[in-house]
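# Results of the structural survey
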2 protein chains.
Amino acid sequence: MPDSAAALPVYLDCDTGIGDAMAIAYLLASEHAALLGIGTVSGNTSAAGAARNTLDLLALAGRDDIPVAVGEHDFLTRAFHGGATRVHGDNGIGGVVLPESPRHPVAESAPEMLVRLAHENAGQLRVIAIGPLTNLAIALRLDPTIADLVADVTIMGGAAMVPGNVTPVAEANVHNDPDAAAAVLEAAWPVTLVPLDTTMQSLLDTDDRDRLLASTRPVAHAIGEMLDTYFDFYVQVFGRRVSVLHDPLAAAVALGDLELDSAPIVHVEIDTTNGPGRGQTVSDLRGRFRGHPPTERARTRLVLSVAEPFAPKLMAALLTA
Amino acid sequence: MPDSAAALPVYLDCDTGIGDAMAIAYLLASEHAALLGIGTVSGNTSAAGAARNTLDLLALAGRDDIPVAVGEHDFLTRAFHGGATRVHGDNGIGGVVLPESPRHPVAESAPEMLVRLAHENAGQLRVIAIGPLTNLAIALRLDPTIADLVADVTIMGGAAMVPGNVTPVAEANVHNDPDAAAAVLEAAWPVTLVPLDTTMQSLLDTDDRDRLLASTRPVAHAIGEMLDTYFDFYVQVFGRRVSVLHDPLAAAVALGDLELDSAPIVHVEIDTTNGPGRGQTVSDLRGRFRGHPPTERARTRLVLSVAEPFAPKLMAALLTA
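Nothing here was measured: the structure is a model prediction, and the numbers come from that model.

### Some points on the interface of chain A and chain B
- The interface of chain A with chain B comprises 31 residues on the first partner and 31 residues on the second.
- For the pair chain A and chain B, the summed buried surface comes to about 2400 Å²; carbon and sulfur atoms form 65% of the total.
- Across the chain A-chain B interface, the total number found is 0 salt bridges.
- On inspection of chain A and its partner chain B, the count reaches 4 residue pairs in polar contact (both at pLDDT 80 or more).
- Mapped by element, the contributors of at least two residues to the side of chain A that touches chain B are helix H11 (218–238), strand S11 (268–270) and strand S12 (281–283) of chain A.
- When residues in the side of chain A that touches chain B are grouped by element, the largest group, 4 residues, is from H11(A).

As structure tokens, this is what we get:
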């Protein structure tokens, strides 16, 4: 349980999701985060389904104090057509059936929650976004001043010098709603992007899963169960049963828990065309041989690599969540 | 002088250019290449200027037997607006004034030359393209059967998992005429793409330049002089006086002179939108953890790295050209 006096006020926007479940567990275990609210968006599963998964997971963790708000079901310029069931299972969390929490989402929407928390924690709120960026874009429309109120925004999304995961060049969160991502990157708040370049470097394997399954702590055990579905999918990518750590890694970066190796401030533009580059985070890394000297347009911190292995840190958190 | 019985018949398409000059010198020095004709295209300089540079370089090498054809001045969907003078100097070859050859370009155009050579060397002709791909696209329009007649096409162009050199994601040759590149990649001939991923790995430095300038052989000496301009430009990229070896590296790959390290057959699509990805070689490398298993659409051999340093091989060639 975080010490709220010392902890950073956090709004989490997610599409829970197996990786999101790990990120939530990581944040719950952290002494550095005071999770003030969670908004959900469609992505891995529907916004409503993600809220249900989130509520159930929070109940399992004994954290019914954290409000959950449902956000946008559809993306800015296209409808949500179902989640990533082949990655995350039919219900978003690997088909694992959690005890149903009696709680319901709050009345405010996720964008409304973000706007409220930004005002209530002016200059302090850290936004962590690990799903499509639709809620953040809608929140900016509702109240553009939040771009000046929010301390920073950390996003799991994009791919810079590695392939994408839904197209050869696009990562799923950004590809689901490139127009929202463009609006979020163009806003005045400081943005840190944690792309596949970094998140594909950290893996959990079957030994880690066995340790989670052996835990008597309900969240750790549930995540161990969820990983089975994730492993099934990632066999196609890695040729072995492992799980990438996209979402919890972004959460850890947001909290300053990881020493960064390469994280230049560069210009990132989202491809919103309907061409083969749609959803790409077009990142200007041409200054890489000279330490990325500042350019006029460079505004986004792009985390290309971290300096320490994340899996042990994550496992320690999951086993105490 | 190549032994034409053993040597591979080659058509070179180029935009001479300092790197092109190195590639021509490399091909002239090779025992594996019988350079049957050279076509020029606008890019580093105009198609006409590139032909003049090529004729003068061939004269310097004592190889007035090789015909030079001028090709397309403009790109498929836009006009040529001047060359890369800040990279290659005003005349394309670093401002170096070569003795003017009395020869002129042949009457046929570069695309016509390619079509003729494809028929005359059916099943044998190797096409090496180190400029924008306009001439190859026009040749395919003139006679689509050349796609079945040409043995293979090796292209210096594109960027897969490294930044581009004219935009964050696009390399100059492809970016100059993405529509032509798309047509060339879609044709039935086998295509090998040598992108910046590989060509940025091999560099010449000031010691190499000094050795070229000390040579009594006129081509080597002239290239040493040209490198001064190239070095001036690349200081902005690398922070030191070096030259990349884009074009000669592609020529060496085409001749089979280099052991390849990673060269998967993958699907490559050209971004022909007007978005931020225009001119990108969108390369599907998502199978990289499993050795790039074949996919239905995979047709392009993408040379991501070579297994040996190229600079020493190139220097040896240049010093005998």
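### Things to note about the UniProt feature "domain: Inosine/uridine-preferring nucleoside hydrolase" (unreviewed entry) in chain A
- Look at the UniProt record and you will see "domain: Inosine/uridine-preferring nucleoside hydrolase" (unreviewed entry) annotated at residues 10–294 of chain A.
- Measuring from the first to the last C-alpha atom of residues 10–294 of chain A gives 29 Å, for a span that is 39% helix and 16% strand.

### Some details on the pattern of salt bridges
- Tallied over the entire structure, the rule returns 24 salt bridges over all chains.
- The partner of Asp228(A) in a salt bridge is Arg241(A), with the nearest N and O atoms 2.7 Å apart. In this pair, Asp228(A) sits in helix H11 while Arg241(A) sits in the loop between H11 and strand S8 (242–244), placing the two residues 13 residues apart along the sequence.
- For Asp228(A), a relative accessible area of 29% puts it in the partly exposed group.
- For Arg241(A), a relative accessible area of 31% puts it in the partly exposed group.
- For Arg286(B), the salt bridge is made with Asp284(B), and the minimal N-O distance between the two is 2.9 Å.
- Overlapping salt bridges, with partners in common, bring together Arg209(A), Asp228(A), Asp232(A) and Arg241(A) in one network.

### Focus: the sheet that holds strand S10 (residues 265–266) of chain A
All names here are of chain A.
- The 8 strands are arranged S3-S2-S1-S4-S5-S6-S13-S10 in an open sheet whose pairing can be described as mixed. The strands lining the two open edges of the sheet, one partner per strand, are strand S3 (68–70) and S10.
- The pairing of strand S4 (residues 126–129) with strand S5 (residues 152–156) spans 4 bridges and is parallel. Bridged to Arg 126 within S5 is Asp 152.
- Packing of helix H12 (residues 246–254) onto the sheet brings it into contact with S4, S5, strand S6 (191–194) and strand S13 (300–302), and relative to S5 it is tilted by some 160°.

### Quick look at the nonpolar core
Residue and element names in this part refer to chain B.
- Counting residues in each nonpolar core, the largest one holds 67 residues, and the members touching the most others are Leu 12, Met 22, Ile 38, Leu 204, Ile 223, Met 226 and Leu 227.
- Elements supplying a minimum of two residues to this core: strand S1 (8–14), helix H1 (18–29), strand S2 (33–40), helix H2 (47–60), helix H11 (218–238), strand S8 (242–244), helix H12 (246–254) and helix H13 (311–318).
- At 12 residues, H11 tops the list of elements feeding residues into this core.
- When neighbours within four sequence positions are excluded, Met 226 is seen to be in contact with Ile 18, Ala 21, Leu 57, Ile 93, Gly 94, Val 96 and Leu 98.

### What about the side chain of Thr134(B)?
- Here Thr134(B) lies in helix H5 (residues 134–142).
- With residues up to four places along the chain from it excluded, the contact list for Thr134(B) reads Val41(B), Glu72(B), Asp74(B), Phe75(B), Leu76(B), Asp177(B) and Ala180(B).

### Some remarks on unusual backbone geometry
Residue and element names in this part refer to chain A.
- Note that the residue after Thr 16, namely Gly 17, is joined by a cis bond; omega there is -5°.
- Within the secondary structure, Gly 17 sits in the loop between strand S1 (8–14) and helix H1 (18–29).
- Phi angles above zero are rare outside glycine, and His 292 is one such case at about 55°.
- Following the sequence through the fold, His 292 ends up in the loop between S12 and S13.

### A short note on the relation of the copies chain A and chain B
- Mapping chain A onto chain B calls for a screw motion: a turn of 180° about the axis and a shift of 0.0 Å along it, with 0.0 Å RMSD after fitting. Such a combination of turn and shift is consistent with a two-fold rotation axis. Identified as the residue of chain A closest to the rotation axis by C-alpha distance is Met161(A), at 2.4 Å.
- Both copies contact each other with a shared surface, as 100% of the interface residues of chain A are interface residues in chain B too.

### Comments concerning the environment of Arg126(B)
All names here are of chain B.
- With respect to the helices and strands, Arg 126 occurs in strand S4 (residues 126–129).
- On a C-alpha basis, the gap between Arg 126 and Ala 151 in space is 5.5 Å, while along the polypeptide they are 25 residues apart.
- Excluding its chain neighbours within four sequence positions, the residues that come into contact with Arg 126 are Leu 8, Pro 9, Val 10, Tyr 11, Asp 152 and Ala 254.
- Polar side-chain contacts of Arg 126 include one of 3.2 Å to the side chain of Asp 152.

### Observations regarding the packing of aromatic side chains
Residues and elements named next belong to chain B.
- Applying the stated criterion to the full structure yields 12 aromatic pairs over all chains.
- Between Phe 75 and Phe 80 the ring centres are 6.1 Å apart and the planes differ by 85°, which places this aromatic pair in the edge-to-face class. The pair formed by Phe 75 and Phe 80 is uniform in burial state, with each residue classed as buried.
- With a centroid separation of 6.0 Å and an interplanar angle of 45°, the aromatic rings of Tyr 234 and Phe 238 are classed as tilted. Here the residue Tyr 234 and the residue Phe 238 both occupy positions in helix H11, the gap between them amounting to 4 residues, near one helical turn.
- Residue class for Tyr 234 comes out buried when judged on its relative accessible area of 5%.

Each value, and the rule that gives it
Counting of residues starts from 1 at the beginning of each chain's written sequence and follows it residue by residue. Written order decides the labels, with chains lettered from A and ligands numbered from 1. Two thresholds apply to this predicted model, a pLDDT of at least 70 for residue-level local features and 80 or more for giving and counting side-chain atom pairs, whereas whole-chain, interface and lining totals are computed over all residues. Working from all heavy atoms in the structure, the side-chain values ignore hydrogens and water. Any two residues whose heavy atoms approach within 4.5 Å at even a single point are treated as in contact. Buried area is a sum: the accessible area each of two parts loses on coming together, probed at 1.4 Å, counted once for each and added. Here a salt bridge means any side-chain nitrogen of Lys or Arg lying within 4 Å of a carboxyl oxygen belonging to Asp or Glu. For this analysis, a polar contact is any N or O atom pair within 3.5 Å, provided that within protein one partner can donate a hydrogen and the other can accept it, and provided that sequence-adjacent residues contribute only side-chain to side-chain pairs. The helix count covers DSSP runs of H or I at least four residues long, the strand count covers runs of E at least two residues long, and both are numbered beginning at the N terminus. UniProt positions are given in the numbering used here, feature names are shortened, and annotations may be inferred rather than shown by experiment. Only protein chains enter the accessibility calculation, which uses a 1.4 Å probe; a residue whose area is less than 20% of its type maximum is buried, one above 50% is exposed, and one in between is partly exposed. Two strands are counted as paired when DSSP detects at least two bridges linking them. For helices, the axis comes from a line fit to the C-alpha atoms of the stretch in contact; other axes are also lines fit to C-alpha atoms, and the angle between any two N-to-C directions lies between 0 and 180 degrees. To define a nonpolar core, start from buried Ala, Val, Leu, Ile, Met, Phe, Trp, Tyr and Cys residues and group those joined through side-chain atoms within 4.5 Å. Copies overlap after least-squares fitting; the atoms used are the C-alpha atoms of residues with pLDDT of at least 70 in both. When the centres of two rings from Phe, Tyr and Trp lie within 6.5 Å, Trp using its six-membered ring, the rings pair. Their planes under 30 degrees apart give stacked, over 60 give edge-to-face, and anything left gives tilted.

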